[in-house]
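One letter stands for each residue in the lines below.
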Amino acid sequence: DKSLEFNLLKNLIEHKHAFVGIIGLGYVGLPLALTFAESGFNVLGIDIDQNKINSLNDFKSYINHISNEKIEELVKSGKLEVTNKFKKIKNLDVIIICLPTPLNAHREPDLSYIINTMKSIKPYFRKGQILSLESTTYPGTTKEELLPFIKNAGFKVGEEYFLIYSPEREDPGNEQFNTTNIPKILGGITNSCNEIGTLLYSKIIRDVITVGDTTTAEMTKLLENIHRAVNI
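Residues numbered from 1 in each chain as written. Predicted model: local features only at pLDDT ≥ 70, side-chain atom pairs only at ≥ 80, totals over all residues. Heavy atoms only, no water.

Undergrad: Before we go on, may I ask you to explain the nonpolar core in this structure?
TA: One broad rule of soluble globular proteins: the nonpolar side chains tend to lie buried together. In this structure, Ile22, Phe36 and Ile96 are the most contacted members of the largest nonpolar core, which totals 69 residues. Per-element accounting of this core gives the leading share, six residues, to helix 2 (residues 29-38). (Core = buried A, V, L, I, M, F, W, Y, C linked by side-chain atoms within 4.5 Å. Buried < 20%, exposed > 50% of the residue type's maximum accessible area, 1.4 Å probe, protein only. Helix = DSSP H or I, 4+ residues; strand = E, 2+ residues; numbered from the N terminus.)

Here you go:
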């Protein structure tokens, strides 16, 4: 039997009434924000880089394969709003993190962008939200690093709050494949998380492949990147 929060969130996503927030408006986050907005969701794009916010509000794209016209259309219609303030997180139903995880001097992934963002947004968490991490990282990150934030905020994951990992698979500049037709993998902390996550992404992406848990989803991204690196 599903919780009240689960049913409410499912209903909002089903009818595209869920308010979607994308944190990090780079080459992954911006196309994702535009895709959600084009498919009918209201989207809040969040980035701490004021230059990106100014560019988008001036309808200027800073990513080669995204046109100024597309940004202008979605910002003017009110489907896409951009900000550098985290306090609007409390109004969101969906939070998607698309932040970089560069390698540090020891060739280890630097999670500081993700951890600092989690610290900044934690005060604005509320029941009935789903949080999705899309950043490339090592298997175990979602359970070990993100899950404690949600538990410490006092929420039961899978009942009151939903957490998934769904790695970005952008291929910038590829004319045949874009956000909507590259198959998307996701794994949740619980079955309910998986169900909500699958419903969410299936609203904008043709093929959503659900795996057993977040760690498996993280591993698929690592394998894909190793495969690409070796081939390149």
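Still more ground to cover, so stick around.
Undergrad: Before we go on, may I ask you to explain the pattern of salt bridges in this structure?
TA: Between side chains of opposite charge, pairing is possible as soon as their charged atoms come close. The full count for this structure, using the stated rule, is 14 salt bridges. One salt bridge in this structure joins Glu72 and Lys76, with 2.7 Å as the shortest N-O distance. Here Glu72 and its partner Lys76 are both found in helix 4 (residues 68-76), four residues apart, which amounts to about one turn of the helix. Taking relative accessible area as the criterion, Glu72 reaches 28% and is therefore assigned partly exposed. The exposed category is assigned to Lys76, whose relative accessible area is 60%. Here the salt bridges share partners, and the residues they tie into one network are Lys2, Lys10 and Glu195. (Salt bridge = Lys/Arg side-chain N within 4 Å of Asp/Glu carboxyl O.)

Undergrad: Help me understand the sheet that holds strand 4 (residues 94-97) in this model?
TA: Sheet strands associate in pairs through backbone hydrogen bonding, adopting either a parallel or an antiparallel arrangement. Ordered in space as 3-2-1-4-5-6-7-8, the eight strands form an open sheet in which the pairing is mixed. Looking at strand neighbours, the two that pair on one side only are strand 3 (80-83) and strand 8 (208-210), the edges of this open sheet. Shown here is a sheet whose adjacent strand axes are inclined to one another by a mean of 25 degrees, direction ignored. Pairing between strand 1 (residues 19-23) and strand 4: four bridges, direction parallel. Bridge assignment links Ile22 to a residue of strand 4, and that residue is Ile96. Contacting strand 4, strand 5 (129-133), strand 6 (161-165), strand 7 (184-188) and strand 8, helix 7 (residues 191-202) runs over the sheet at an angle of about 70 degrees to strand 6. (Pairing = 2+ DSSP bridges. Axes fitted to C-alpha atoms, helices over the stretch in contact; angles between N-to-C directions. Contact = heavy atoms within 4.5 Å.)

Undergrad: What exactly am I supposed to notice about helix 7 here?
TA: Residue pairs three or four apart in sequence face the same way in an α-helix, which turns once every 3.6 residues. Between its first and last C-alpha, helix 7 extends 16 Å over 12 residues, near the 16 Å set by a 1.5 Å rise per residue. Where helix 7 is concerned, the buried positions are Ser192, Cys193, Asn194, Ile196, Gly197, Leu199, Leu200 and Tyr201. The N-terminus of helix 7 is capped by Thr190, whose side-chain oxygen sits 3.3 Å from the backbone nitrogen of Ser192. (Expected span 1.5 Å × (residues − 1). Polar contact = N/O pair within 3.5 Å; in protein donor to acceptor, adjacent residues only side chain to side chain.)

Undergrad: I would appreciate a short explanation of the pairing of strand 2 (residues 42-46) in the present structure.
TA: Within a regular strand, the side chains alternate between the two sheet faces. The element strand 2 is largely enclosed, with a buried count of four among its five residues. Note that strand 1 and strand 2 share five bridges and pair parallel. Looking at the pairing, Val20 lines up with Val43 of strand 2. Crossover connection from strand 1 via helix 2 to parallel strand 2: handedness right-handed. As defined by bridge partners, strand 2 adjoins strand 3 across four bridges and the pair is classed as parallel. Bridging from a neighbouring strand, Val43 pairs with Leu80 of strand 3. (Right-handed = clockwise from strand over helix to strand, strands pointing away.)

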